[in-house]
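Descriptive structure summary
Chain residues, written in single-letter form:
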Amino acid sequence: EKGTYPHFMLKEIDEQPFVMRKIIQEYQDEQDNIKLDSNIRQAMMDTDRVYIIAAGTSYHAGLVGKQFIEKIANVPVEVHIASEFSYNMPLLSEKPLFVFISQSGETADSRSVLVRIKELGHPALTITNVPGSTLSREANYTLHLHAGPEIAVASTKAYTAQIAVLAILAVDTAKAKGLDLEFDPLKELGIAASVMESLTDQKEAFEKIAKEYFSETRNAFFIGRGMDYFVVQEAALKLKEISYIQAEGFAGGELKHGTIALIEDGTPVVALSTQENVNYSIRGNVQEVAARGANTCIISLEGLEQESDTFVLPHVHDLLTPLVSVVPMQLLAYYAALHRDCDVDKPRNLAKSVTVE
Ligand code: F6R
C-alpha cells in the first residue's frame, strides 16, 4: 500500500533508513557481533575469487560490493553483467564462488548463469529480497535483504539494502580470516541510516535541483571517480528509466577521452565528490566541462566541500558513502520524472522483473 504517498518510488526511497535498521537487527547477535550463516562464512573462506553476477541496479550494487570484499576481506572479485557472462564466460579461477545479486530473485539472465555454473559444480550464494525465489532456491546459500516488497519499477531500497548486506558479508569474512579491522559495519550502517533520514527530510532541496537542471534538457551527465563512479552509473540509470532523459554516468577522468565533445551550452553535469583521494581531480573535471558551457552541480561530502557546492552530504564512513550519495540521485530522478509528467512507478517499456533472456 502507498498510504499517503503519491508514488511507491517515493515511499520506498523514504523507507531506506528503516531498511538499514532492519538489516542491522537481522544480522546482529546478542553480543552485537555479526550473525551470519556459518556455511556462507566457510564458502567465503574457501574461495580464491568471487564472481558477482547481476543486472541493472543490482549490478551497480555489485560494483560497490567488489570494493568491500577486496578492501575489507582481501578476496579478489570480478563483477559481471549476467547477460554478458552467459554468452562469454571468462577464464575462471580454481575455486570460484558465485554471488548472485537480485532484488526479485527471478532475473532470467542471472538464472542462466546459475544453471551453467551449477553444471560446472561451482558453489553459489544469492543475495535477494525474495527468499524462495528461483535464484534463492537454486543456489547453495541465500542472504536476505529484508527490504520489504519493492513495488516501483525503479529499484531504490533494494540497492541500498544490497550494499549494506555486502558490507556485512565482507566484514564477516575479514573477521573469519583474522584480519585486523577498524570498521564496525553495524555501527557505521546505523550512522548512515540517520544521514539517509536527514536527506529524505530535505526533499525540497532536491526537487529544486531537479527542476533547475532537468526540467527542459534532453540529456544529462553524471560524473564521479572511484566509489562515486559506481554511484553515478546508478544515478544515470535511475534518471533514464523514469524521466526518459538520455543520461550517462562517467568516470570523471575519462570525459576528455571523447565524451566531452557532447558538452554544449547548458548541458547538465552533476558531479559527486565523496572520496578524499579524488576530490581535487573530480573538481578539475567539473571545471573542464564548465569551461565548455555545461550547467554544473557538485554534491560533496562534509569535510571535502567547497563553498560553491550545490549540496553537502553529512559525513559517513568512506566505504559507505554510496548509501547516502545515492539518495539525492534517486530523488533527482523522481522529481525530474514528476516535472516531466512521466509515469514514475511504471515507466514505459519496463517490467519489474525481467524473466526473459
Ligand atoms: C532499475 C531496475 C533494474 C533491475 C534489474 C535486475 O531500477 O530495477 O535494472 O535492477 O532488472 O533486477 P533484479 O535485481 O530483480 O535481478
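Residues numbered from 1 in each chain as written. Predicted model: local features only at pLDDT ≥ 70, side-chain atom pairs only at ≥ 80, totals over all residues. Heavy atoms only, no water.

1. Points about the overall build of the protein
Of regular secondary structure, the protein possesses 13 helices and 10 strands. Expressed along its principal axes, the backbone C-alpha trace of the protein runs to roughly 55 × 45 × 45 Å. Here the protein holds 357 residues, and 57% of them are scored as buried. In the protein, of all internal contacts separated by at least 6 residues, the share reaching a separation of at least 24 is 76%. Only carbon and sulfur atoms are counted for the fraction: they give 46% of the accessible area of the protein, which is about 15,000 Å². In the protein, the 32 positive side-chain charges and the 49 negative ones have mean positions that sit 3 Å from each other. (Helix = DSSP H or I, 4+ residues; strand = E, 2+ residues; numbered from the N terminus. Buried < 20%, exposed > 50% of the residue type's maximum accessible area, 1.4 Å probe, protein only. Contact = heavy atoms within 4.5 Å. Areas by Shrake-Rupley, 256 points an atom, 1.4 Å probe, with all protein chains shown as cover. Lys, Arg positive; Asp, Glu negative; His and termini not counted. Charge placed at Lys NZ, Arg CZ, Asp CG, Glu CD.)

2. So, the pattern of salt bridges
Inspection of every chain in the model, using the stated rule, returns 15 salt bridges. Of the charged contacts in the structure, one is a salt bridge between lysine 187 and glutamate 188, with a shortest N-O distance of 3.9 Å. Among the residues examined, glutamate 188 registers a relative accessible area of 12% and is labelled buried. Look at the salt bridges and you will find they share partners, linking Lys11, Glu15 and Lys157 into a network. (Salt bridge = Lys/Arg side-chain N within 4 Å of Asp/Glu carboxyl O.)

3. Some points on the nonpolar core
Of all hydrophobic cores here, the largest spans 100 residues; its most connected members are Ile23, Phe68, Leu143, Phe214, Phe222 and Leu239. Look past the residues within four positions of phenylalanine 214 in its chain and what remains in contact with it is Ile209, Ala220, Phe222, Leu239, Ile245, Pro268, Val270, Leu332, Ala336 and Arg340. (Core = buried A, V, L, I, M, F, W, Y, C linked by side-chain atoms within 4.5 Å.)

4. Quick look at the sheet that holds strand E7 (residues 246-251)
Pairing is parallel in the open sheet, where five strands are placed in the order E7-E6-E8-E9-E10. Each end of this open sheet is capped by a strand with a single partner; those strands are E7 and strand E10 (311-313). With strand direction ignored, the average angle separating the axes of adjacent strands in the sheet is 20°. The sheet contact formed by strand E9 (residues 295-301) and E10 spans three bridges and is parallel. Following the sheet pairing, serine 300 is matched in E10 by valine 312. Each of strand E6 (219-224), strand E8 (268-273), E9 and E10 touches helix H10 (residues 203-214); the most contacted strand, E9, lies at about 155° to it. (Pairing = 2+ DSSP bridges. Axes fitted to C-alpha atoms, helices over the stretch in contact; angles between N-to-C directions.)

5. Notes on the environment of arginine 116
Note that arginine 116 resides in helix H6 (residues 108-119). For arginine 116, a relative accessible area of 36% corresponds to the partly exposed category. C-alpha of arginine 116 to C-alpha of phenylalanine 183: the two residues are 67 residues apart in sequence and 36 Å apart in space. The contacts of arginine 116, once residues within four sequence positions are left out, are Ser86 and Met89.

6. Topic: the state of the cysteines
Enumeration according to the criterion identifies zero disulfides in this entry. Here cysteine 297 stays unpaired: no disulfide links it, and the sulfur of cysteine 342, its closest cysteine neighbor, is 20 Å away. (Disulfide = S-S within 2.5 Å.)

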